[in-house]
Amino acid sequence: MTRRGLGHQMVEEVRMTLEQGERLLLTFVIPVLGLVLFSTTRIVITNTASRVDFFAPSALALAVMSTAMVNLAVATGFERSWRVLKRLGATPLSPGALLSAKAGAVLAVEIAQFAVLSAIAAGLGWRPHDGVAAALAAIVLATVGFAGVGFLLAGTLRAEATLAVANGLYVLLLGISGMMFPLERLGGFSPVARLLPATALTDALHGAFGPGGVPVEAWAVLAAWAVVAPALAAWRFRFAGE
Amino acid sequence: MEPIAVQDLVVRRSGRVVVDGVSFTAEAGEVLALLGPNGAGKTTTVETLEGYLHPESGSVRVLGCDPRERREEMTTRIGVVLQEGGLYPQMSPLRLLRLFASYYPDPADPAELVGLVGLSDVAGVAAKRLSGGQRRRLALAAALVGQPEVLFLDEPTAGVDPEGRLAIRAVIDRLRHEGVCILLTTHELEEAERLADHLVLLRAGRVGAAGRPADLLADAQEIRFSATPGLDLVALGAHFGTEARELRPGEYALARRPDGATLAALTAWLAARHIPLAELRAAKRLEDVFLELLEDDPVAPRPEPPRRAPRRR
């Protein structure tokens, strides 16, 4: 695979995310607002000593899910329906290079999200345990899994259906992943919820930045999604067609 | 060796044979038009040449190679305009062409390309705010970024206004003179007649007729001639008791069989008015060829499927 065009493509992928209002809303504004709102009010009761200790890792998990799954799926789905992916297939930019550019763009946006959210959280009094290495590992694993789900949606459904399903998953996962409130409150449903990638990532980040460390089952779930979802996407993805 | 060679091509789509034994070749510096009603197999043939589709049997060769093999080398040597879409709606012409230029080893200058297709005035305007015709011109420019040896244009002028058509025709003429081999599809007869050196008429997945426009039109129903622009068409038509048309400035068509008496009468009519005659030929209208072909056709032409505009988010 030649890498010609990969760098320029990656810069454009990042730029397209940041210059469009609805994509910026999804990737930056909502996680930041959520962090500030829930950390400074008593809307939700948490199980941590300080409210921001709960919501800072949650906001990071939400940011990763928004970028690597929802934004990637919707953008790719529309590029497919506009025949952009098909058109790129007739240029020397290989599918591997396009995929790498998209992955690189996701990571670049996540780094910016991490910087913005942790700075704001620090301002709100967040004092995490030193779990950055474990947190970054969990984020990379989760990104691979989320991106697999995103590409699976974008590569098999119509763009409008991708938009609907990705947004539906976003709301659903936001609700049952332990981002908004401690998972124990789901009661008997929580073991099922723990099998979801969003739940595993939220668990991992709460663990990494909290006193407990990352639970083994969170690593296992993240790793499983990181293998299965991209494999399914590679198997089912169609560059052209509805 | 011809840049484009199609031999006994059969292509199946969704279980149905769409292209059924098509053969043709195109030379460097030649414009070949695939002409036919919707559903005749034009796009399927082009997309097989572009490497998007597999032949069921027969072969396609582009620059001597199977277009699905050595994809990276192949894609640096071909340019493609899809039947629709293919542009990032949020990108301006200059931005899109700069991105595409980054894919190629020896790209053309994006700013020059924008000028070539007549989009300099809107070089910084997002594609979604351009007219349909402007978007087609941008798609053409994007196909030229890699300085291709073979160009595939699927309905390059569909939905394009007259000014845009002139710009596209001028670009095609220029590329032909530079030795590019151009394959285009159209269902518009006049467009094909104007642009192409070689016509392949498809119907129901088979070649109905093929040849140079002049050969296909040899069985003449019409007189064509060139003279000074702006002749009095009403007077000319009235003199011959038929319709006279000015196809483009200085080129005329007279709907009469080109028998000796009529030709003599025409030259006399021009001479009486001191109008120099530049060219005179007997021609059948391409439309007649086309209609004759379709009359033998068991499959009626399908209505045009609705074109979907690029969707916005």
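Use the structure listed above.
Cut-offs and rules
Along every chain, residues carry numbers that run from 1 in the direction the sequence is written. Written order decides the labels, with chains lettered from A and ligands numbered from 1. Two thresholds apply to this predicted model, a pLDDT of at least 70 for residue-level local features and 80 or more for giving and counting side-chain atom pairs, whereas whole-chain, interface and lining totals are computed over all residues. The side-chain quantities take in all heavy atoms of the structure and omit both hydrogens and water. Should any heavy atoms of two residues lie within 4.5 Å, those residues are counted as being in contact. Using a 1.4 Å probe, buried area is obtained as the accessible area two parts lose upon being combined, added over both of them. Should a side-chain nitrogen of Lys or Arg be within 4 Å of a carboxyl oxygen of Asp or Glu, the pair is scored as a salt bridge. Here a polar contact means two N or O atoms within 3.5 Å. Within protein one must be a hydrogen donor candidate and the other an acceptor candidate, and residues neighboring in sequence count only if both atoms are side-chain atoms. Here a helix means four or more residues in a row that DSSP labels H or I, a strand means two or more in a row labelled E, and each is numbered from the N terminus. Burial classes follow relative accessibility: with a 1.4 Å probe on protein chains only, a residue under 20% of its type's maximum area counts as buried, one over 50% as exposed, and anything between as partly exposed. Two strands pair under a simple rule: DSSP has to find at least two bridges between them. Lines are fitted to the C-alpha atoms to define the axes, a helix being fitted only along its stretch in contact, and any angle between axes, read from their N-to-C directions, falls within 0 to 180 degrees.

Draft legend 1. Up close: the interface of chain A and chain B. At the junction of the two partners, chain A supplies 33 residues and chain B supplies 31 residues. Approximately 3100 Å² of surface area, both sides summed, lies buried where chain A meets chain B, with 54% of it carried by carbon and sulfur atoms. Counting across the chain A and chain B interface gives 4 salt bridges. For Lys86 of chain A, the salt bridge identified is with Glu47 of chain B, shortest N-O distance 2.7 Å. On the surface where chain A and chain B come into contact, there are 13 residue pairs in polar contact (both at pLDDT 80 or more). Contributions of two or more residues to the side of chain A that touches chain B are made by helix 1 (6–19), helix 2 (21–40), helix 3 (51–81) and helix 4 (84–88) of chain A.

Draft legend 2. Summary view of the side chain of Ser102 of chain B. For Ser102 of chain B, the position within the fold is in the loop between helix 3 (93–101) and helix 4 (110–116). According to the relative accessible area criterion, Ser102 of chain B is buried, its value standing at 17%. Not counting chain neighbours up to four residues away, the residues in contact with Ser102 of chain B comprise Arg4, Gly5 and His8 of chain A.

Draft legend 3. Structural detail: the pattern of salt bridges. Following the criterion strictly, the structure yields 24 salt bridges over all chains and no others. Glu12 of chain A serves as the salt-bridge partner of Arg95 of chain B, at 2.6 Å between the closest nitrogen and oxygen. Here Arg95 of chain B is found in helix 3, whereas its partner Glu12 of chain A is found in helix 1 on a different chain. Across the salt bridge formed by Arg176 of chain B and Asp173 of chain B, the nearest N and O atoms sit 2.5 Å from each other. You can see Arg176 of chain B and its partner Asp173 of chain B sitting in helix 6 (residues 162–177), 3 residues apart, about one turn around the helix. For Arg176 of chain B, a relative accessible area of 14% gives the class buried. According to the relative accessible area criterion, Asp173 of chain B is partly exposed, its value standing at 35%. Where salt bridges share partners, they join Glu12, Arg15 and Glu19 of chain A together with Arg95 of chain B into one cluster.

Draft legend 4. Quick peek at the sheet that holds strand 4 (residues 57–62) of chain B. Residues and elements named next belong to chain B. Taken together, 3 strands build an open sheet; the order of strands is 2-1-4 and the sheet is antiparallel. Unpaired on one side and paired on the other, strand 2 (16–26) and strand 4 mark the two borders of the sheet. When the angles between neighbouring strand axes are averaged without regard to direction, this sheet yields 25°. Bridging between strand 1 (residues 4–13) and strand 2 involves 8 bridges; their strand directions are antiparallel. When the sheet's bridge partners are listed, Leu9 is paired in strand 2 with Val22.

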